[in-house]
Structures are given as C-alpha cells and as structure tokens.
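Coordinate inspection notes
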Amino acid sequence: MRRVVITGIGVVAPGGVGTRAFWDTLTAGRTATRGITLFDASTFRSRIAAEADFDPAAHGFGPAEAARLDRAAQFALVSAREAVEDSGLTGALEPVRTGVTLGSAVGCTTGLDNEYGVVSENGSTWEVDHTRAVAHLFDYFVPSSMAAEVARAVGAQGPVSLVSTGCTSGIDSVCHAVDLIREGSADVMVSGATEAPISPITVACFDAIKATSPRNDDPETASRPFDRSRNGFVLGEGSAVLVLEEFEHARRRGAHVYAEIAGFAGRSNAYHMTGLKSDGAEMAEAIRAALDEARLDATAVDYVNAHGSGTKQNDRHETAAFKRSLGEHAYRVPVSSIKSMIGHSLGAIGSLEVAASALAIEHDTVPPTANLHEADPACDLDYTPLTAREQRTNTVLSVGSGFGGFQSAIVLTRPRLQEAA
Amino acid sequence: MTTATLDRPAARAGARAATGSVVTGIGVAAPNGLGTEAWWAATLRGESGIRPVTRFDASRYPVRIAGEVSGFVDEEHLPSRLLPQTDRVTRLSLAVAKEALDDCGTDPAALPEYGGGVVTASSAGGFEFGQRELQALWSKGGQHVSAYQSFAWFYAVNTGQISIRHGLRGSSGVVVTEQAGGLDAIAHARRQIRKGARLMVTGGVDSALCPWGWAAHLAADELSHATDPSRAYLPFDAAAGGHVVGEGGALFVLESDVAARERDARVYGAFTGYAATFDGPGTPRLGDAARLALADAGLRPEEIDVVFADAAGARAADRAEAEALAALFGPRGVPVTAPKSMTGRLLAGGACLDVAAALLALRDQVVPPTTGTAEPAADCPLDLVTAPRETPLGHALVLARGRGGFNSAAVLSAV
C-alpha cells in the first residue's frame, strides 16, 4: 500500500496565525478564549468564544476579496498557503496529481447569516428580496466553493472536495485525502479544514441546546474539558491545512516529514443526532480499527489527543471509549484536549488536532489540558493538566466525535525514514 | 494534456482487481415521479416534472418554474416525532433510503455490527429549515431559534438521520462538490466496500426550494428566465439559455459483488469506474475525468454504449461538454442523453438520478430520452437521444460538473 506522510503544516488559530504561534500557544498552556468581539453577543446565553485575531489585509486580501470570501474561506487560503510553502512544494506541484480536501461543518455560515439579514430586511419577509443579494451568494450557499478557492490558489487539478461530517469533518477530510493518495488518485493532497462559526445563528443554535459554556464572567478559563466544574464547550474558529504526500514522492525530493498517517477509521453510533451513549462503544471500535490499520498495539500509543469538548456527556463517553479500546494502557498514556485553549471550532478542530498531533511527534512534547484543576471523578485518566510534557512521542492517537453520531480516529507515527537517516 | 501525464501508477491498476461494488437497491424521488418505477416509467414516456413553483410565492422573482417533487406526504414516510426536527431534504432522503433498502432485499439489522454505513452528497443542507430559523433570529432574537437548528440544517444531516433510522454503524461520510457530489459520494461508498463494509447506503437527495435558496440561485445567474416549462431547460440546444432548478435525487444500496452473490441478490449493475478532476485556468477537465473513469473501469471508449451528460443547458458549457465527448468518442460517436431535462438540475441529487437512470437503462436495454431539445446545436456534434431508444447496453458513462470547476465521471456496467 502507498504510504502517506505530512510534509507541510499551515494554521490559523485563536492565539495567533501560523504554525509557530499555534504551537507556542498550545505548549504554553495559554487560553485564547474571551468575550465575543466579532458581533454584539449581549443578548445570548453564551457570550464567549475563542476568536482568531485575523486581519484580512495583512494576509493580502484586498477589500473586494475580503468582502467576497467568507471568513472561513480566508482562513483556509492562508493556512493552505503556509502549508504549501512549508512543504517546499511551492511552484513544484504537478496540477493533475494534486488534489484538495477541505473539511467544514457549517460552511459559509457567517456569510449566510449576514446576507440573510440584508435580503430579508432583518427577517421581515419570507419572500426575500433577491435584488439585494450579493453576486457571490451562491458560493456561501454551497460551501464546496471554499475547496474550489483553495484548489485554484494552490493549482490543484486532481480530485477536489469539501467533506462535511459535522465535528469530525477535520479528521475525515484528512483521512479522505489519505485514501485518495493510497488508491493512486493523487500524489499530493492539500488537505485540512476550516470554520468561522462565530456568528449569531451558530451561537443561538448552541444556546438553544445549552451545549456551550455560559461562564461569561470568566471567559479565559471557560473551556474546562474533564474538569469537575466544566459546563459546556466554548465555540472556536480557525483552520489547519496539511500537505499530505505519498511517501516515495516525499523521500525522493528529500522533504522534511513531520509524521506518517498510519491508520484511521470512522464509525457511527446510529443513536441520536446530538446525544452520546455513555459506553463509548463506537468510538472505541473506531480506535481499534485505526490501530489495526496502523498495525499497532494499543500500548504503542504515546499520546492521545482527545476530542475533549468540555461537555459532560462527551468527556464521559470519550473516557469510556479510551478504556474500552486501550485497556490498562488508557490509565498510563497522557491524554489532553487542546480545546481547553483554542475552543471547539466544529469542523476545523479535527485538522487543528491532527496538526497538533504531528507537532507533538516533531517536538516530542505533549500539549496540556488547560483549566484542569480538579478532574470529574468519572474522568480518571491522565489528562495532562495545565503544563506541557516533554516526552518521547512516536505514536499519537487523535479522535473526534460529532453531531450525526460520527466517531473518528486517526493514528500518526514518527516517520520511519527519519529514524533510518 | 498528454495521455502520459494521465496514466495512473500501478496502485491504480491494482484497484481493479479489488472487490467489485454492485447496486442492489434503488430509491428515487424526482419531480416526474416518486418512487423508482413511477419515475422510470414517466421518464421513458418523456413526462416532465417542471412546473410553476408551488412551494412558495414566486411572483416577485424573475424565475417562477421548478422541478418539485409532488405527492410526497410527510406523514406517510416519517414518524411524527421526526417532523419538527427535519427539513424537507431530510424527509425526502429518509423516504428514498427506505425505498432503496426495502428494494435490496436484505435487512440491515442482520448485518455484522459495523458492516453498514452511509455516504451522501449534500449541497446546502436543510436550507428551508435554516431560513425559518434565520427569520426567527433576525426578527425576534436568538432565544427564538429552534433547539433542532444545530443539527437539522447542516450538511451531514441526511447521513446522520439515515444511519440512525436503519442502525448503520459503520464508516460514513458526507461530500459537497455542488452538482458533482452525487458521483463523489458513491465513489466514497465504494472505498468503504473495498475496505470491507458489507453494505453502504449512498447517493444524494437534495432540495432547497425556499425563497432564500431561490435568491442564491438567482444570484448565480445560471437559471433560464423562460416562462414555458417545456422550453426552459434545453441542454445542447442552440436556444439553450440556462437551467431549471429541481429537487429530489436517488439513493442506492451498494454491496460487494461477493456479498451480493452470497445472498443471491438481484443486481442492477456494477459501479466499475470513477474519477474526479478540477478545471485548471482556461482548461476544462471534464474529458479527463471521463478518460480516467474509463481507465479505472478497464474499458476503451468504444465499449461505452451510452453517456448521461452533465447537460448544463448553457451555450458555452454545453459546447465544452460536447467537445469533450467528441474528443473521446468521435463526433456523434456514442448515444448521449440528458433525462434531467425533465426534472431540472437537482444539485447533489442530480448525478445520482442519472446513475439510477443508467442502471435501469442497463436493466431494460433502453436509453431514456432528452426532452425539449429537438436537435443539438451545430457546435454540439452529439448523437442526442430524443426518443426512447432500444439498443444493447453494456456500459454507461455518467458525467457531472459542479460550479467552481468540479468534474466527476462514473461508469456503470451490466453484470
């Protein structure tokens, strides 16, 4: 089977734009959650988010382009550009052998929310006034437009798609790209995910089901995965894009390899659109299948990058899944949730977590779970509280769980070519 | 584009020896027929489902016709508790998935624990549901947004609800590539079969016939402004002036050929070839997608017996597709048809309905007609089928393009 490695990483995240700023935030255990500034959130239940400080002009978007492209598309373009530059493939990609997969759970929701207000005159009419619509409204309507933007920007003419499996989109997008390289449909995939969901409609819909934290008086510590006092997730935004490359293609050109994607799997709970059974059976099965594909025993896992959203049902579900799939090793392996620092950016977070997992291997460092002072008694694993941990990190398991019942797992390993060198 | 650069590495050829994927169940909701056999009979009769819009008051808009699925009674297809939490697109999807599963003759509950999954194509999710909640938000405030909004509108809703309803707990997925998505979804389901899944529900059913969706279509400026439904969507016609939007699509049960044989299943046909490409600057690559799909199926162009065209219904795009077909098959070298002239373009559902048409064409050995277009324009040198044509059919090619540069091609083969 053709092997697939990561040779480039690009990130836009709360706490800073660029892979270096991202890794600095994570390893410092710094939280990037704050009171929402992107719109007036004063009437909402949860008024906290992890926002990216992102100035379109600083990244080369002129006023017209900044207005046309949804914020999520801008994030994707900036992180894709960084990833390709980082891989050393700028100007060297063979278009027909290069593809794009981009994950997103809610697409151009910010653009849609704003434009709806215009064409409906603030919701006053059902038969909206199409003459007030912007010319690019259709690109917000069908979010594959964002994958197309990235494909044009990097010059990809192979398979291009948007993957949208809710909050596992970011993992599933990367796994889809691995499939395409393995089967021979592409040699290089520019693959990741993006999300810019901090808009009134998204905040309102999570308010309605009380999924987000209302800790408005202390936004910096609001995202508390696994902690006894947690009370919901904190919405985030951002993008991570990776350059995935067929192993021999990378080796021939002497590329720097961050990690190999050794295995992955997805399962569905077929249970409830938002609810989770506490036994974690389907996530455990996804983990087992991903490790099987990687031909690794559970004890090989050096770090578990958790979904760790900070809702009670998730943290218990996930803890049960780790115990079911990893056995006694679940109690020994460090687990952490970077959502404690950069929030939960829905479809994007899976790619941000894969990027963090690759960087954990690169730097032999496990990022911590911030704000974890006293674990929920039902969460009795080592969640790496507060402080990053330097340790040999050869194998990382990253997992995701999403509305719709999706459970995804991906296994990254230290690239063997570096060990041989 | 030279042939050499399109050649796939050895891994590609190896894939042909992998497990074959066959279709054992079909479900359809289309503007010209609800249910597979009703739709297929109407299609062979050349009956159009394009009519004046009834789902909302379209009087203020410059386009007032669409392909609506008529006669769909929600309560006949869904338990009442699901009605408040589902958009029409999900109601249609659940009904069509049930038809496909009933049709395949096996009970998903009898599958191994993680043996079945769902991969659907989406374009805009539950858009009408979303419009209602946006109206609540903007006119009354955030606290009036439904508790169901978080999962009723998003792109993954149909996969999730089908998975829950039928207990399909295997690997699942959702792809969005505008009108090309249907083929991409089936191809992704085929990947799961190759990895060992026993059964996949796959395809796409779409609907966004609400004023908010209409505004998006009007902004894209690709719709026909003709008022006569029979003259509005004329693919490859010299008078083509845009397309008509419809709703509906098709879902399939895809199984490995081994599993289907083991249980002696009735098989409509095999999904034997697929490829996707993306247009370069000034370089349409639909033809390359078709060539790669043929290579994936191990077929030569002369072995293709019918092409289901993307059929944009716009002059430049029609010409580009006709040129791609002429380059591959020779001018008028293969029968070409576009039964979507009777339904309009169905977003993520469109290419799936074409796959259903291809499978039934293989079953009945008849090419369904293109309606409206009497003969193709001079710059579209196609053998366009405008009346049902009985002819031996072994392999069908389905083409699809998505706005922005997406191209997908699939080959369906008689077994």
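Thresholds applied
Residues numbered from 1 in each chain as written. Chains lettered and ligands numbered in written order. Predicted model: local features only at pLDDT ≥ 70, side-chain atom pairs only at ≥ 80, totals over all residues. Helix = DSSP H or I, 4+ residues; strand = E, 2+ residues; numbered from the N terminus. Rg over C-alpha atoms; globule rule 2.2 N^0.38 Å. Buried ≥ 20, exposed ≤ 12 C-beta atoms within 10 Å, placed from the backbone. Contact = placed C-beta atoms within 7 Å. Nonpolar A, V, L, I, M, F, W, Y, C, P; charged D, E, K, R; others polar. Pairing = 2+ DSSP bridges. Expected span 1.5 Å × (residues − 1). Domains from an automatic or database assignment. UniProt positions renumbered as here; feature names shortened; annotations may be inferred. Core = buried A, V, L, I, M, F, W, Y, C linked by C-beta atoms within 7 Å. Axes fitted to C-alpha atoms, helices over the stretch in contact; angles between N-to-C directions. Parallel < 35°, antiparallel > 145°, perpendicular 65-115°, else oblique. Left-handed = near helix turned anticlockwise from the far one by under 90°.

**Structural notes on the overall build of chain B**
Each helix and strand counted, chain B has 14 helices and 16 strands in total. What you see for chain B is a C-alpha radius of gyration of 20 Å, in line with the 22 Å of a compact globule of 415 residues. For chain B, the C-alpha atoms occupy an extent of roughly 60 × 55 × 40 Å along the three principal directions. Residues classed as buried in chain B amount to 64% of the 415 residues present. In chain B, once contacts between residues fewer than 6 apart in sequence are set aside, the share between residues at least 24 apart is 78%.

**As for the overall build of chain A**
Scanning chain A for helices and strands turns up 14 helices and 16 strands. Radius of gyration (C-alpha) of chain A: 20 Å, near the 22 Å computed for a compact globule of 421 residues. Based on the C-alpha atoms only, the size of chain A along its principal axes is roughly 60 × 50 × 40 Å. Counting over 421 residues, chain A shows a buried share of 68%.

**Regarding the interface of chain B and chain A**
Tallying the contact residues gives 71 residues for chain B and 72 residues for chain A. The greatest single-element share of the side of chain B that touches chain A, amounting to 10 residues, is contributed by helix α10 (residues 211-220) of chain B. The class makeup of the residues in the side of chain B that touches chain A is 33 nonpolar, 27 polar and 11 charged. The sheet contact formed by strand β6 (residues 160-163) of chain A and strand β6 (residues 173-176) of chain B spans two bridges and is antiparallel. Residue pairing across strands places L162(A) opposite V176(B), the latter belonging to β6(B).

**Re helix α13 (residues 349-363) of chain A**
Two residues of an α-helix separated by three or four positions point the same way, owing to the 3.6 residues in each turn. Over its 15 residues, α13(A) runs 20 Å from end to end, which matches the ideal 21 Å to within 8%, given 1.5 Å per residue. The first or second residue beyond α13(A) is D364(A), which carries a positive phi of 50°.

**Some points on the domain arrangement of chain B**
Residues and elements named next belong to chain B. Here chain B is described as being made up of domain 1 (21-262) and domain 2 (272-413). If you average the C-alpha positions of domain 1 and of domain 2, the two centres end up 21 Å apart. Counting from both sides, the interface comprises 56 residues of domain 1 and, opposite them, 53 residues of domain 2. Those elements that place two or more of their residues in the side of domain 1 that touches domain 2 are β1 (21-30), α3 (36-45), β4 (65-67), α9 (181-194), β7 (199-206) and β8 (248-256). Considering each element in turn, the side of domain 1 that touches domain 2 owes the most residues, six residues, to α9. Its residues placed into classes, the side of domain 1 that touches domain 2 shows 26 nonpolar, 22 polar and eight charged.

**Side note on the sheet that holds strand β8 (residues 235-236) of chain A**
All names here are of chain A. What the three strands build is an open sheet, ordered β3-β4-β8; its pairing is mixed. Of all strands in the sheet, those bounded by a partner on one side alone are β3 (33-35) and β8. The pairing of β3 with strand β4 (residues 48-50) spans three bridges and is antiparallel. Among the inter-strand pairings, T33 is bridged to a residue of β4, identified as A50.

**A short note on the pairing of strand β15 (residues 395-402) of chain A**
Two faces, one strand: in a regular strand the side chains alternate between the faces of the sheet. Residues and elements named next belong to chain A. Counting buried residues along β15, eight of its eight residues qualify, which places the element largely inside the surrounding structure. Taken together, the three bridges between strand β11 (residues 303-305) and β15 define a ladder with parallel strand orientation. From the neighbouring strand, V304 faces β15, where its bridge partner is L397. Pairing of β15 with strand β16 (residues 406-413) involves eight bridges; the strand directions are antiparallel. In the sheet register, V396 faces β16, and the bridge partner there is L412. Hairpin connection, β15 to β16: the antiparallel pair is bridged by three residues, and G404 has positive phi, about 100°.

**Thoughts on the UniProt feature "domain: Ketosynthase family 3 (KS3)" (unreviewed entry) in chain A**
Following the UniProt record, the feature "domain: Ketosynthase family 3 (KS3)" (unreviewed entry) maps to residues 1-414 of chain A here. End-to-end, the C-alpha atoms of residues 1-414 of chain A are 18 Å apart, and along that stretch the chain is 33% helix and 20% strand.

**Re the pairing of strand β5 (residues 116-121) of chain B**
Residue and element names in this part refer to chain B. Burial analysis of β5 places six of its six residues in the buried class, which makes it a mostly covered element. With five bridges connecting them, β5 and β7 associate as parallel partners. Note on β7: the bridge partner recorded for G117 is M200.

**Overview of the nonpolar core**
Ranked by internal contacts, the top residues of the largest apolar core, which has 292 residues, are A293(B) and V398(B). Broken down by element, this core gets its largest block of residues, 11 residues, from helix α14 (residues 350-364) of chain B.

**A short note on the domain arrangement of chain A**
How big an interface is tends to be reported as the loss of accessible area on association of its parts. All names here are of chain A. Partitioning chain A into domains gives domain 1 (4-252) and domain 2 (263-420). Here the C-alpha centre of domain 2 lies 21 Å away from the C-alpha centre of domain 1. Taken together, the 62 residues of domain 1 in the interface contact 58 residues of domain 2. Partitioned by chemical class, the residues of the side of domain 1 that touches domain 2 number 29 nonpolar, 24 polar and nine charged.

**Focus on the packing of helix α5 (residues 88-104) of chain B against helix α8 (residues 157-166) of chain B**
Residue and element names in this part refer to chain B. At a minimum axis separation of 10 Å, α5 and α8 run at an interaxial angle of 45°. Comparing the axis directions of α5 and α8 gives the class oblique. Of the two elements, α5 crosses α8, and the hand of that crossing is right-handed. When α5 is examined against α8, the residues V89, T90, S93, L94, A97 and L101 are found in contact with a partner set consisting of V157, N158, Q161, I162, R165 and H166. Here the residues of the contact of α5 with α8 sort into six nonpolar, five polar and one charged.

**A look at the environment of G263(A)**
Residue and element names in this part refer to chain A. Mapped onto the elements of the fold, G263 is located in strand β10 (residues 259-268). You can call G263 buried: it has 22 C-beta atoms within 10 Å. In this structure the C-alpha to C-alpha distance between G263 and H317, which are 54 residues apart in sequence, comes to 22 Å. G263 has contacts with A290, L291, E293, A294 and V411, leaving out every residue within four places of it along the chain.

**Looking at the environment of E293(A)**
Residues and elements named next belong to chain A. Secondary-structure assignment places E293 in helix α10 (residues 281-294). Accessibility expressed as a C-beta count within 10 Å gives 18 for E293, which makes it partly exposed. E293 sits 117 residues away from I410 along the chain, and the two C-alpha atoms are 9.8 Å apart. The contacts of E293, once residues within four sequence positions are left out, are G263, F264 and A265.

**Considerations on the environment of Y268(B)**
Residues and elements named next belong to chain B. With respect to the helices and strands, Y268 occurs in the loop between α11 (257-262) and β9 (269-278). For the pair Y268 and A356, spaced 88 residues apart in the sequence, the C-alpha separation amounts to 9.3 Å. With near-sequence residues (within four places) excluded, Y268 lies in contact with V23, I26, L359 and R363.

**Topic: α10(A)**
Residues and elements named next belong to chain A. Taking 1.5 Å per residue as the helical rise, α10 with its 14 residues ought to reach 20 Å, and the 20 Å between its terminal C-alpha atoms agrees with that figure. For α10, the buried fraction is high: 11 of the 14 residues fall into the buried class. For α10, the full list of buried residues reads A281, E282, M283, A284, E285, A286, I287, A289, A290, L291 and A294. Following α10 by one or two positions, R295 has its phi on the positive side, about 55°.

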